[in-house]
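Chain by chain, the residues:
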Amino acid sequence: MISLHLPALQVVVPLISAPLCVLLRRGFGAWLLATVIAWTAFAISLALLAQVLSDGALSYKMGGWAAPWGIEYRIDRLNAFMLVIVAGIGALVMPCAYHSVAREIAPERQHLFYAAFMLALTGLLGIVITGDVFNLYVFLEITSLASYTLVALGADRRALRASFQYLVLGTIGATFILIGIGLLYMVTGTLNMADLAARIPALQELRPVRAAFAFIVVGAGLKLALFPLHLWLPNAYTYAPSVVSAFLAATATKVGVYVLMRFIFTVFGARFAFEMMPLGEILMVLGLLAVMVGSLVAVFQTNVKRMLAYSSIAQIGYMALGISFASVNGLVAGIVHLFNHAAMKGALFLALACVFYRLGSVELDAMRGLGRRMPLTMATFVAAGMSLVGVPLTVGFISKWYLVVAAIESGLWPVAVIVLVASLLALVYIWRVVEVAYFREPDGDAPEVTEAPAAMLVPTMALAAACIYFGIDTELTVGVATEAALSLLEGGP
Amino acid sequence: MSAATVLLLAPLTPLAGAVLMWLSRRRPNVREAVTLATAVVLFGLVASLYPEVAAGGRPKTEFGELLPGLVLAFEVEPLGMLFALVSSFLWIVTSLYSIGYMRGNNEAHQTRFYIYFALALAATVGIAFAANLLTLFVFYEALTIATYPLVAHHGTEEARAGGRTYLGILLGTSIGFFLLAVIVTWNVAGTLEFSPGGILAGKAPPWLVGVLLALYVFGIGKAAVMPFHRWLPAAMVAPVPVSALLHAVAVVKAGVFSVVKVVVYVFGLDLLAASPSPEWLVYVAGFTVIAASLIALRQNNLKLLLAYSTVSQLSYVILAAGLLSPLALVGAVLHIGAHALGKITLFFAAGSIYTAAHKTEVSQLDGIGRRMPWTMGAFAIGALSMIGLPPTAGFVSKWYMLLGALQVGNMVAVAIIIVSTLLNAAYFLPIVYAAFFKPEANPPAEPGPAHGRGRVALHGEGGDAPPPIVIALTVTATLTVLLFLFPGAALELAGQLVEKTR
Amino acid sequence: MDVIGHYNYWVSIVLMMAGFYMVIASANLVKKLVGLNVFQTAVFLLYITMSKVSVPDCAIDCGTAPIFKEGFTVYSNPLPSVLILTAIVVSVSTTAVALAIIVRIKEAYGSVEEDEMLRRDGE
């Protein structure tokens, strides 16, 4: 009985927990509830993935209303996989949150933090699970509003500025998506993705359809921080509380990429997007620019969190690049990298959360000699960093391999070269941290610090372990990504 | 134990050793005993594979599938056998040497040193046994990363800068060119398996063969073909045992080994001979041989001199492989072994001089041979081997290379080999001469502050280095001579390689 | 092209651009927010406009409110209105969050001017 309603529970459970967090009025209680809920959501997502892998795509009618009129939750391989990523990161971040939040956020605001966190989780899960474009917009805004709040809770006052900037750009992005949805509704009279996909091919010559496509791509581009629409991201990630950076970096932009993929391939169809509209060329150019500019800027940062934020922009460029090839291998690269990047950025930001918990700073200079004082944390950082560079036997290598294979398949040698060169830039910025942490002695007046508490360390190491495990055993990730890519290219959800 | 099990155990042994070393980090004696024991066990495992390989067997095992169609697998063939034998044997000697050196110089972070050393050896064995390009690439990168902490060991500004150059060039070339070449090969050939006769024949157009060859030769930066040789002198900031085993044997040999392996098993000699491209390979390698020798001629720092000499000697192997003649290929294979033994002896000697007399410059070595007869005697043998004079191993390998060059009638290669021999003599012989026949400038006064307990001098104050060091360098020098007198096993393996590929 | 007949769409676009301009051009956070509201309102208008249904042979507009009664055959589509109610809720919430952040900014910086804030952060 319950298993029938898993799709609804996936969203409803965290949604209900949010007001409960507020009612609990105590940091610890709210944390406990949020942690339990996050793990429940993770369990649900795993159950859904198992169902989808064994029985194929699921369709759930919200409130029992039939599909084109009511809201349909539709779960295929792609979004089942996404659900696992989002819920999994949420579940791993929560144990870390207790110590980190206790240090960074005033006691009277802590329960509110967890409430906002649960709302953000709800929204992200909702975006991924829904098969209705307007519902997607609503969930998008739920996540966004919760994220603005979460970012604003950062200790530095610049967090407020970052949050406002994020709010303005995020709202513009969401409104663009809203306009696009409106235009689509105008010509098709439906909001259901499957319905839209069936009707658009006959209407694709119409100008509103093309305008809708442009609005949605730009709106999604803002949400996923595609260069040059990334301006909100560096500040937001730098000044947000540590666990929020970890959670958002690992999930929010990925969900943005998912939205883009969903609209391009499922709603509009690859033929429309790549043959009638010049999306391939645009995404390729922007993706390459993102990869180069993001990596280059990251090299020159002295705040490690900001460095990782710019690195995220570059990594999003890789995903855009993967989509731009519109080939199986390209899409596999994009989808696998969604997962891989979530794991490695999650691990990196959580490692920084540990560092911040002990040091109170994530400036490069403050991290001198940290390899000796916080060996496990820094080892985790190095492992995840290696992944980012794309060293063999880590997840980054897998993504890179598919991306370069896709580029060479399409005969785009220069693209392959740029991808590889950019991974060297990743090496440069990761190595700056390694060098400081392992081969510099701390200042005389540096505070004596010890390893971070186990509650923070274990999830961080689990994510780093995932970076290595899924770099060796790729059956699950590549398998799911390949099937998802095939079904996306065939069109239809 | 079946050969497949041994294959898997071989790279796991140093890993297990590394764990044990970490566990015994508070007890240096235990830790060093573990190092030695691990090295001996590894050599035993590798050597146990020899009879089967010599009999023509090719033990093989798969241990993972990274991506559909891309497996991680080991397969021993003659070239890898030789490389693994040399590296694992010299690890025993180097471990012994390290103990004397690290204690004698009171180095810091010794546990880290031994652990990464073991990891580097695990990666080396992985490279030697790799059955396909992917496995080779994986271990190749692992070797680069495992050796970085050893290069930057001292943590000084100079060491960090050296480490940056090291990592930058090695990872830069491997990711920028090597990986690209691997992926293109995969795209074109549909397989990455090393197979006799090559996998690209009939699948890649001639222009692509040329491009790929360039990508491989320059992408395998560990082979130190100019202009990507800068990492090797930069790595000389590392402690001497690292320079000796890794930057004279394991790492650089991994480079030339990979190049030879790619030439033989990915391209195939026939494909390359049929395409117009390999001519330039001879020239590039020849240029490196001569240019590096000229630079070595001008070095005053002993380790830097040895480093440039290594750059030069490595390109012999590339040059010999580029000649595409079976005899030259035998020379290339032999040279991997011969140069390993000779160069490690030279580095051991340099470290011995540093430990006993704290001298690092060539100009300071006047008369030191009388104080350190064992060390400088070994040095002389190593130097003869580098020049290629009998009775040392270097003579045998150079002989085959010359024969190979004459076989294909490549007079340029002949000239390069002869000129560089003269150059080698020009920078090595004066050192030997000065050490034995010139009077000492400043006889040793008080022992320096860095002299630790390890400096239980063999011949009293101002004498030779600690016993482990002397034993180690005597062993390698002896082997250099022995390989000249009994090159049978190495020739057998090289002969097999040539036979199977034609 | 029927310019007059698309009167509502033109208004919507003008509003949209005006709002967008305010967001970009003004340094005062409150004014930015007002601009953002205008921008969103323009989209509401777009939705409401497209729900209006007219038939060619009708004098002005024949689509009526969706009332079930004798004589009315052409209705306006009610769904966009419903959708836009949701969007208005979203917009109000966004405004509330934004205002809350502005209040906090005022507390922290003593100003809601962007250049002033940058100056005080020393950037």
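Details of the structure are given in the entry above.
Values in this document were obtained by computation on a predicted structure and should not be read as measured data.

1. Here's the deal with the overall build of chain C
- What chain C contains, in helices and strands, is four helices and zero strands.
- Secondary structure elements of chain C occur, N-terminal to C-terminal, as α-α-α-α.
- Here chain C displays about 7200 Å² of accessible surface, and carbon together with sulfur accounts for 69% of that area.

2. Some details on the overall build of chain A
- Along the backbone of chain A there are 20 helices and two strands.
- Along the first, second and third principal axes, the C-alpha atoms of chain A reach 70 × 55 × 40 Å.
- Put simply, of all contacts in chain A between residues at least 6 apart along the chain, 79% involve residues at least 24 apart.
- Surface accessibility of chain A: about 14800 Å² in total, with carbon and sulfur atoms responsible for 67%.
- Each charge class in chain A can be summarised by its mean position, and for the 27 positive and 25 negative side chains these summaries are 7 Å apart.

3. Some points on the interface of chain A and chain C
- At the interface, 29 residues of chain A touch 35 residues of chain C.
- Counting the surface lost from both chain A and chain C, the interface buries some 3000 Å², and carbon and sulfur atoms represent 75% of this.
- Together, A:Arg157, A:Arg161 and A:Phe164 form the three largest contributors to the area buried by chain A at its contact with chain C, with a combined 24%.
- Connecting chain A to chain C are two salt bridges.

4. Observations regarding unusual backbone geometry
- A cis geometry characterises the amide bond from A:Phe227 onward to A:Pro228, with omega recorded as 0 degrees.
- Of note in this structure, A:Ala326 is not a glycine but carries a positive phi near 50 degrees.
- For A:Ala326, the position within the fold is in the loop between helix H13 (304-324) and helix H14 (328-359).
- Even without glycine at this site, B:Ala224 takes up a positive phi of about 55 degrees.
- Turning to its location among the elements, B:Ala224 is positioned in the loop between helix H7 (206-219) and helix H8 (231-234).

5. Focus: the environment of B:Gln110
Residues and elements named next belong to chain B.
- Among the structural elements, glutamine 110 can be located in helix H4 (residues 110-129).
- Look at glutamine 110 and you get buried, because its relative accessible area is 13%.
- Separated by 230 residues in sequence, glutamine 110 and alanine 340 place their C-alpha atoms 25 Å apart.
- Not counting residues within four places of it along the chain, the set of residues in contact with glutamine 110 comprises Arg31, Glu32, Met102 and Arg103.

6. Observations concerning the side chain of B:Thr135
Residue and element names in this part refer to chain B.
- Relative to the helices and strands, threonine 135 is located in helix H5 (residues 133-151).
- At 2.5 Å, the side chain of threonine 135 and the side chain of asparagine 132 are in polar contact.
- Look past the residues within four positions of threonine 135 in its chain and what remains in contact with it is Phe63, Val71, Leu72, Ala73, Phe74 and Ala130.

7. Some points on the interface of chain A and chain B
- In this assembly, 31 residues from chain A lie in contact with 36 residues from chain B.
- Around 2800 Å² of area is buried between chain A and chain B when both sides are counted, 78% of it from carbon and sulfur atoms.
- Where chain A packs against chain B, one counts two salt bridges.
- In this structure, the salt-bridge partner of A:Glu435 is B:Arg164, at a minimum N-O distance of 2.4 Å.
- At the junction of chain A with chain B, the criterion picks out two residue pairs in polar contact (both at pLDDT 80 or more).

Scoring rules and cut-offs
Residues numbered from 1 in each chain as written. Chains lettered and ligands numbered in written order. Predicted model: local features only at pLDDT ≥ 70, side-chain atom pairs only at ≥ 80, totals over all residues. Heavy atoms only, no water. Helix = DSSP H or I, 4+ residues; strand = E, 2+ residues; numbered from the N terminus. Areas by Shrake-Rupley, 256 points an atom, 1.4 Å probe, with all protein chains shown as cover. Contact = heavy atoms within 4.5 Å. Lys, Arg positive; Asp, Glu negative; His and termini not counted. Charge placed at Lys NZ, Arg CZ, Asp CG, Glu CD. Buried area = accessible area lost by both parts, 1.4 Å probe. Salt bridge = Lys/Arg side-chain N within 4 Å of Asp/Glu carboxyl O. Buried < 20%, exposed > 50% of the residue type's maximum accessible area, 1.4 Å probe, protein only. Polar contact = N/O pair within 3.5 Å; in protein donor to acceptor, adjacent residues only side chain to side chain.

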